[in-house]
Amino acid sequence: MSSLKLAIASLGVSAFFAVFAVHAFLQTLDGPYFVDTSLIKSRYEALHAVDVSIGQMEADVQKGMARFDDSLSKLMDSLANGNRKDGELLELLNMESNVARHKMLDSVRIIADMKIREAYGYLDRDIAGYCKRYGVEVLFGTASNTIVYGSGGKSDLTPGLLRYMGGMVD
């Protein structure tokens, strides 16, 4: 009878560890995880603020260019009625106005690029924080895979992919 009790106890302990092992194994199979990239981007406050800011900058540039065009048009009209020397001045003024337009647009583009890069830095930081907090080792974005987060040595396949493609590996 004692060997029967021992066998039942042994079978119970074995069953407990088997259930525990299956549960632990299933926990490690979670993922991969995906997020709706377009939804994340449309509802992320820092990116929304950048969109509003860029829209305001573009509106300001359009107003400035309209004022610039009006004053330039008046100046060109007054010069067009002049002599040959005024015609050369008119050409020079036209070239300078084109340079001024490009400078205005380039400055807006540079500022917009900086703001966008900064906002995406915040997005990357927040995604990394979320993934670390909730134990997500790999996270993909559904729209063009623009959001990708990975942690740990097993997640980073860069060296193997570079070797496969014949690239340089450190």
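Conventions adopted
- Residues numbered from 1 in each chain as written.
- Predicted model: local features only at pLDDT ≥ 70, side-chain atom pairs only at ≥ 80, totals over all residues.
- Heavy atoms only, no water.
- Helix = DSSP H or I, 4+ residues; strand = E, 2+ residues; numbered from the N terminus.
- Contact = heavy atoms within 4.5 Å.
- Areas by Shrake-Rupley, 256 points an atom, 1.4 Å probe, with all protein chains shown as cover.
- Phe/Tyr/Trp six-rings, centres within 6.5 Å; stacked < 30°, edge-to-face > 60°.
- Buried < 20%, exposed > 50% of the residue type's maximum accessible area, 1.4 Å probe, protein only.
- Salt bridge = Lys/Arg side-chain N within 4 Å of Asp/Glu carboxyl O.
- Patch = residues over 30% accessible without salt bridge, like charges linked within 9 Å, V, L, I, M, F, W, Y side chains within 5 Å.
- Pairing = 2+ DSSP bridges.

The next subject is the overall build of the protein. Along the backbone of the protein there are five helices and three strands. N-terminal to C-terminal, the α/β element order of the protein is α-β-α-α-α-β-β-α. Across the protein, the fraction of contacts at a sequence separation of at least 24, relative to all contacts at a separation of at least 6, is 60%. For the protein, the exposed surface amounts to about 13,200 Å²; the carbon and sulfur share of it is 62%.

So, about the packing of aromatic side chains. Evaluation of the coordinates by the stated rule reveals one aromatic pair. Look at Y130 and Y134: their rings are 4.8 Å apart centre to centre, the planes differ by 45 degrees, and that puts the pair in the tilted class. You can see Y130 and its partner Y134 sitting in helix α4 (residues 84-134), four residues apart, about one turn around the helix. Accessibility expressed as a relative area gives 49% for Y130, which makes it partly exposed.

Across all of its chains, the model carries two salt bridges by this definition. For R109, the salt bridge identified is with D113, shortest N-O distance 3.3 Å. With R109 and D113 both in helix α4 and four residues apart, this pair spans about one turn of that helix. Residue classification places R109 among the partly exposed positions, given a relative accessible area of 44%. With its nearest N and O atoms 2.9 Å apart, the salt bridge here joins R125 to D126.

Once that is clear, we can look at a nonpolar patch on the surface. Among the surface-exposed residues, I110, I111 and M114 lie close enough to one another that they form a single nonpolar patch of about 260 Å² accessible area. Structurally, M114 can be placed in helix α4. Assessed through its relative accessible area of 47%, M114 is described here as partly exposed.

As a further point, take the pairing of strand β2 (residues 138-141). On β2, burial follows the alternation: L139 and G141 on one face are buried, whereas V138 and F140 on the facing-out side are not. Strand direction decides the pairing type here: strand β1 (residues 33-35) and β2, joined by three bridges, are parallel. Residue pairing for β2: F34 is matched across the bridge by F140.

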